[in-house]
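Inside the fold
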Amino acid sequence: MTPNVLIRTAAMLAWLGLIGPAEVPAQIRDSEEPPAVTPAYPTLAPGHADGPVYDRLRRLISNKPKVRRKAATVLGKGDPATLIPLVDAYFFAPREARPDALQLLEQLSGEQLGSRYRDWFLYVGGRQDLQPPPGYIAWKGEMFSRIDPVYERILSPTATVRLRLQEVQSGGVRLDGIPAIDDPESVPADLARFMRDTDTVFGVSLGGERRAYPVKVLSWHELLNDTVGGQPVTLSFCTLCGSGILYSAVDEDGKRLMFGTSGLLYRSNKLMFDRATLSLWSNLTGEAVVGERAEEGAQLRMLPMTLTRWEVWRERYPDTSIMRPDPAAAQRTGYRYVEGAADQARAGVEFPVWRQSDALERNARIYALTINGRAKAYPLEKLRSERLVQDSLGGVDIVLVLDPASDAVRAYERAGLTFATPGEGPLRTLRAADGTTWWIAEEGLAPDGDGDLLPRVPGHAAFWFGWYAFYPETAVY
């Protein structure tokens, strides 16, 4: 078992409440290998959570029984909002301190939820009436610094925060513990002997260049920085919520952004970080949520990308290149670049969120779209049966097309046109009610003849639970 898998297993045990981080064996905690090249990150001042509440919480998880009991007595007379940092303390409490912390959790909440950290984390997440005490961001950084000291710099007292920090949790690895892929080598399709026809890929078409990225590689690394058609891009793949999303990786000044995996999660969705400022960004929304970039209100622009099968992508675009897996990275990390291997290694690992809906099965696969602030989920099961869906979202007429040969979904603006599929074979064209034929392309629907392209609408696949956690007002097709 590789170091990353060992650490994630230990983190999952802690999440389920079976152990605490202090009980993770040292050989597991300390064995994780750093990336091949350790990047130089900016120097940020670490913070410290000031105030009597946080001082008492530190005493509550000390190794001295009398100190713990005295702290618990005083904290038990305090504000119920203390529950929020108390749950963090409970996660990091050594075994001998957990009974005192648990008793205090029950006293402040009036609830008997048992001893699992997971249940208390969900409880405070759902308590929208509670606001954490002042200084909470520094406390969160202080607690997470027990996993990696850099978190105390990322979550500094003066950092701008655009999320509910009490819902941020550790994914079980340090910053960059899951190494991103930077500017990988790519080869022509006919040299891709490392690929099977049935392997899945993320297909990208930008600036006249086509490139495919094997899911069997991205399932391990989860994040990639590259340039396609002269456009810097970041492909962020949150395997926990099933969302692989392509973003334009440039800032407001046109400078390239390089991202890494922070090791932190928000509502079971990965948080990326940019290497220039150590700001945290949401995989699902592309929004900067903590740090300097969050203060600027930075937002990444989503780009079209297609999840498809390699044989279908290669046949459609024979001039495509494909990312070549790095065997040295596989050897260094212990990753197996085989379709499904990463999913098998993660089997049973999940990080539930408090906001849930039974409108669809928890892990139902959907195709997710947001247009002009309106969100909608299209169950893949329905798309498979209908193949073509004509709809309107956010005031825009759209058409979604599912290719039965690969389950690839693409969405386009349709400018009021009504389409039909030409037959049961491979889906290459659509026929409009006015008799015109439109070619299904990556950038848009292209008329067979003169006319303007109907632009592609960027979207992505996801698990229902992960999408709903961020978009509770989403419509469902």
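Here we summarise the structure given alongside this text. (Residues numbered from 1 in each chain as written. Predicted model: local features only at pLDDT ≥ 70, side-chain atom pairs only at ≥ 80, totals over all residues. Heavy atoms only, no water.)

Our next topic: the overall build of the protein. If you tally the helices and strands in the protein, you get 16 helices and 27 strands. On C-alpha atoms alone, the protein measures out to a radius of gyration of 24 Å, which is about the 23 Å that the 2.2 N^0.38 rule sets for 477 residues. Dimensions along the principal axes, computed over C-alpha positions, put the protein at roughly 80 × 45 × 40 Å. Per-residue burial for the protein yields a buried fraction of 58% across its 477 residues. When contacts within the protein are restricted to residue pairs at least 6 apart in sequence, those whose partners lie at least 24 apart make up 64%. Total accessible area on the protein is roughly 19900 Å²; 50% of this is exposed by carbon and sulfur atoms. The positive charge centre, built from 54 side chains, and the negative charge centre, built from 60, are 6 Å apart in the protein. (Helix = DSSP H or I, 4+ residues; strand = E, 2+ residues; numbered from the N terminus. Rg over C-alpha atoms; globule rule 2.2 N^0.38 Å. Buried < 20%, exposed > 50% of the residue type's maximum accessible area, 1.4 Å probe, protein only. Contact = heavy atoms within 4.5 Å. Areas by Shrake-Rupley, 256 points an atom, 1.4 Å probe, with all protein chains shown as cover. Lys, Arg positive; Asp, Glu negative; His and termini not counted. Charge placed at Lys NZ, Arg CZ, Asp CG, Glu CD.)

With respect to the helices, strands and loops of the structure, Glu 361 is situated in the loop between helix H14 (341–345) and strand S16 (365–371). Put simply, Glu 361 and Gly 263 are 98 residues apart on the chain and 27 Å apart in space, counted from C-alpha to C-alpha. Here Asn 363 takes part through its backbone nitrogen, which lies 3.1 Å from a polar atom of the side chain of Glu 361. (Polar contact = N/O pair within 3.5 Å; in protein donor to acceptor, adjacent residues only side chain to side chain.)

Strand direction decides the pairing type here: strand S22 (residues 429–432) and strand S23 (residues 437–440), joined by 3 bridges, are antiparallel. Opposite Leu 430, over in S23, you have Trp 438 as the bridge partner. Linkage of S22 to S23, two consecutive antiparallel strands, is achieved through a turn of 4 residues, within which Gly 435 is found at a positive phi near 95 degrees. When S23 meets strand S24 (residues 444–447), the two strands line up antiparallel, connected through 3 bridges. When the sheet's bridge partners are listed, Ile 440 is paired in S24 with Leu 445. Hairpin geometry of S23 and S24 is characterised by an intervening segment of 3 residues between the two adjacent antiparallel strands. (Pairing = 2+ DSSP bridges.)

Listed as buried for helix H4 (residues 65–75) are Arg 68, Ala 71, Ala 72 and Leu 75. Summarising the axial view, the buried residues of H4 lie within an arc of 100 degrees, below the 170-degree limit, and thus occupy one face. Seen from the buried face of H4, the exposed residues on the opposite side, beyond 90 degrees, are Lys 66 and Lys 70. Contacts made by the buried residues of H4 are with helix H3 (52–60) and helix H6 (98–109). (Arc of directions from axis to C-beta.)

Another point: the packing of helix H5 (residues 83–92) against helix H8 (residues 136–144). One can describe the packing of H5 onto H8 by two numbers: an axis separation of 10 Å at closest approach and a directional angle of 5 degrees. Compared by their axis directions, H5 and H8 come out roughly parallel. Counting all contacts with H5, which are made through Ile 84, Pro 85, Asp 88, Ala 89 and Phe 92, the residues of H8 involved are Tyr 136, Trp 139, Lys 140, Met 143 and Phe 144. Considering only residue class, the contact of H5 with H8 consists of 8 nonpolar, no polar and 2 charged. (Axes fitted to C-alpha atoms, helices over the stretch in contact; angles between N-to-C directions. Parallel < 35°, antiparallel > 145°, perpendicular 65-115°, else oblique. Nonpolar A, V, L, I, M, F, W, Y, C, P; charged D, E, K, R; others polar.)

Let's shift gears to the sheet that holds strand S11 (residues 280–282). Here we have 5 strands laid out as an open sheet, ordered S1-S9-S10-S11-S12, and antiparallel in their pairing. This sheet does not close on itself; its edge strands, each paired only once, are strand S1 (168–170) and strand S12 (288–290). Geometrically, the sheet is characterised by an average inter-axis angle of 50 degrees between neighbouring strands, direction not taken into account. Across 3 bridges, the pairing between S1 and strand S9 (residues 259–266) is antiparallel. Pairing of Ser 170 across the sheet is with Leu 264, part of S9.

Moving on, we get to the pairing of strand S6 (residues 223–228). Every regular strand shows the same layout, with side chains that alternate between the two sheet faces. Buried residues dominate S6, accounting for 5 of its 6 residues. Bridge count between S6 and strand S7 (residues 231–238): 6 bridges; the pairing is antiparallel. Among the inter-strand pairings, Val 228 is bridged to a residue of S7, identified as Gln 231. Hairpin connection of S6 to S7: 2 residues between the antiparallel strands, including Gly 229 at a positive phi of 60 degrees.

Let us look at the pattern of salt bridges. Two side chains of opposite charge can pair, provided their charged atoms sit close to one another. As enumerated under the stated definition, the model contains 31 salt bridges in all. A salt bridge links Arg 346 to Glu 222, with the shortest nitrogen-to-oxygen separation between them at 4.0 Å. With Arg 346 in the loop between H14 and S16 and Glu 222 in the loop between helix H10 (215–221) and S6, this pair connects stretches of sequence that are 124 residues apart. Note on accessibility: Arg 346 and Glu 222 belong to one class, buried. For Arg 293, the salt bridge identified is with Glu 296, shortest N-O distance 3.5 Å. By relative accessible area, Arg 293 is classed as buried at 8%. Salt bridges linked by common partners bring Glu 222, Lys 270, Asp 343 and Arg 346 together as one network. (Salt bridge = Lys/Arg side-chain N within 4 Å of Asp/Glu carboxyl O.)

Right, let's get into unusual backbone geometry. The phi angle at Arg 387 is positive, at roughly 65 degrees, despite the residue not being glycine. Relative to the elements of secondary structure, Arg 387 occurs in the loop between helix H15 (380–386) and strand S18 (388–393). With phi around 70 degrees, Asp 407 is a residue other than glycine that occupies positive phi space. The partly exposed category is assigned to Asp 407, whose relative accessible area is 29%.

That's the geometry; what it means functionally is another story.
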